Amino acid sequence: MGTVYLKVFATTALCQVPIETLISLFTIKYCNSSVRIMLVKDSNSSGENSFLVNVSIFECEFIEYSEMSEIASGCELPNLEESDSNCIAGLCATLRGFKESCLLACSEASVWTRFCEIDIISMLRTIVQDSILPVALVRFEHHMTQPMRVHNIYKYTMSKKIAGNVVTQNRADLPEHTFAEGMILSLADIIVFVCIHMLFNFIDKKQVHELIPLTLKWYNNLLTKEHILRSLNVFCIEELTSRNVICNYSLPVVENQSLYKSDPKRYKPRNRIYTRQEDIDSSLDKVKSIELKVMLDKPFVDEEDFDWDSVPQDATPVKDLPSNRLQRKFQQLESLCKPILKLAKTGDTIVDFCSGGGHLGILLAYLLPKCNLILLENKAESMNRAKTRVARLSLRNVKFYQSNLDYFKGHFDIGTCLHACGVATDLVLQQCIDKNAAFVCCPCCYGSVQDCHRIVYPRSRVLTEVLDKRSYLVLGHAADQTHDVENVKTKQGYECMTIIDTDRKMQAAEHGYQVYLNKLTPDSCSPKNHLLIGLPTVMKSS
């Protein structure tokens, strides 16, 4: 089963812990898991809410950060070490090791995963003192008003007809939610239950019944489940029934929208940016006003042959891709491998961010046997394909991290990514800058760039002074209009691509990097064919 590492703020039987640790321990108890538990002592320097847990009901060990295994210390907590070469990090990904079946998509791609992993968690980070109910709580109430999501509506309606019930195949005829995702209790229910159960330590649930009736109905239903009841002794809280303070709670203004990504009424926190030609022209004019040099640099590596014949088939994408894509994938991989082969030194650690099935990272591991490769990918299915290929090749220099790239904090010398979508490219570049590591990155999905907890746009000081947020995002959307050479938008699309990547180049240069903006070879191997190669010019002191 492996070893789970959880953060704690004390080393006593009744232990103060962050909300993520509380949820993890509750899930372990719920699943009656035999996982080895390591409680890692940390200080609560951020002043976030902590919660009292009875850890004496678990078989666990208290350790310091310095005592963590090498692979587990490379990621944020909580994480699950499956072996000395494989680690899973992030709350939802870690908990799926105990209870599978939902929250498979990463929080950047799924509104529902983001709600369970970030939004509802954030609700508990600070003490609730306001009479206005938390936004996340109200969003969950609205979510519970939506028709229940059923993956096979036909199967559901036929079962009702056979039972003698009159029902149509209209989603409006579906029953209300029994659980957070439908008719079956899932990992999402456990995460949300713990958060709301702890929230009721600050809010008297009897006083909010009329405001969140569906949430309370769901909550009370969970309190009838055997495994939930068996796990309640994890908590050490006082019931609010003894308090007689009356508070007139009210609801914040929250749109009644679904949290399901596929639902047309899903929660949409950002306004859509459309690429009207007048907006594109306006943004381009602002860039031209500062006479910015927007161009490609001289090639970082000379043209030379790449000996694919010497590479075993399992280190290539031959078995994974159809023939009509195969040649282009070979060309893309070759274009990224050449500068990395030039940069890499014996003993270097190279991270293939957003590694997917491992096409780039596995090829590099084979070509660079004296370097250490880390494959970092948040999709379990893709990671498992990579593990199978590595095992067939008997490679001993590869480690796997199943997590969002933001959770990785280990040392590395070179970071790379092939077609990391939107903001993921900038998160990779920022990781490299933070670690003073070289980078070789091929961006993708320029229209998907958006501010997040670590990244704001524009990236460079130069473009920040001339472009506002919307003008920059307009260029990003226009940059995705790189079609065939006959399309009238293609030339403009590449111009906008070059501006966005020049912005990335200048931002890295502001941090002491020498950066080359090159292209994949040949240009036709991908419409998103830019290549950013960065070398730190000043070594940071240890």
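Residues numbered from 1 in each chain as written. Predicted model: local features only at pLDDT ≥ 70, side-chain atom pairs only at ≥ 80, totals over all residues. Heavy atoms only, no water.

(A) Structural context of helix α11 (residues 359-367). With seven of nine residues buried, α11 is to be regarded as a mostly interior element. H359, L360, G361, I362, L363, L364 and A365 are the residues of α11 that are buried. (Buried < 20%, exposed > 50% of the residue type's maximum accessible area, 1.4 Å probe, protein only. Helix = DSSP H or I, 4+ residues; strand = E, 2+ residues; numbered from the N terminus.)

(B) Main features of the pattern of salt bridges. For the structure shown, the criterion picks out 25 salt bridges. Residue R454 pairs with D406 through a salt bridge whose shortest N-O separation is 3.3 Å. Here R454, found in the loop between β12 (438-444) and α14 (461-464), pairs with D406, found in the loop between β10 (398-402) and β11 (414-421); they are 48 residues apart in sequence, far enough to count as distant. Residue R454 is classed as partly exposed on the basis of its relative accessible area of 31%. The exposure class assigned to D406 is buried, which follows from its relative accessible area of 17%. A single salt-bridge network, built from bridges that share partners, covers D426, R459, D501 and R504. (Salt bridge = Lys/Arg side-chain N within 4 Å of Asp/Glu carboxyl O.)

(C) Focus on the environment of I19. With respect to the helices and strands, I19 occurs in helix α1 (residues 19-31). Judged by its relative accessible area of 1%, I19 falls in the buried class. Through-space distance from the C-alpha of I19 to that of N49 is 7.7 Å; in sequence the pair is 30 residues apart. The residues touching I19, leaving out its near neighbours within four places in the chain, are F51, I121, L124, V194, C195 and M198. (Contact = heavy atoms within 4.5 Å.)

(D) View of a negative patch on the surface. Together, D302, E303, E304, D305, D307 and D309 make up a region of like negative charge exposed at the surface. D302 sits in the exposed class, given a relative accessible area of 64%. (Patch = residues over 30% accessible without salt bridge, like charges linked within 9 Å, V, L, I, M, F, W, Y side chains within 5 Å. Areas by Shrake-Rupley, 256 points an atom, 1.4 Å probe, with all protein chains shown as cover. Lys, Arg positive; Asp, Glu negative; His and termini not counted. Charge placed at Lys NZ, Arg CZ, Asp CG, Glu CD.)

(E) Broad picture of the packing of helix α3 (residues 111-122) against helix α6 (residues 187-199). Two elements in contact, α3 and α6, have axes whose closest approach is 10 Å; the angle formed by their N-to-C orientations is 20°. When the interaxial angle is binned, α3 and α6 end up roughly parallel. Relative to α6, the crossing made by α3 is left-handed. On α6, the residues touching W112, F115, C116, I120 and I121 of α3 are A188, I191, V192 and C195. Of the residues assigned to the contact of α3 with α6, the class counts are nine nonpolar, no polar and no charged. (Axes fitted to C-alpha atoms, helices over the stretch in contact; angles between N-to-C directions. Parallel < 35°, antiparallel > 145°, perpendicular 65-115°, else oblique. Left-handed = near helix turned anticlockwise from the far one by under 90°. Nonpolar A, V, L, I, M, F, W, Y, C, P; charged D, E, K, R; others polar.)

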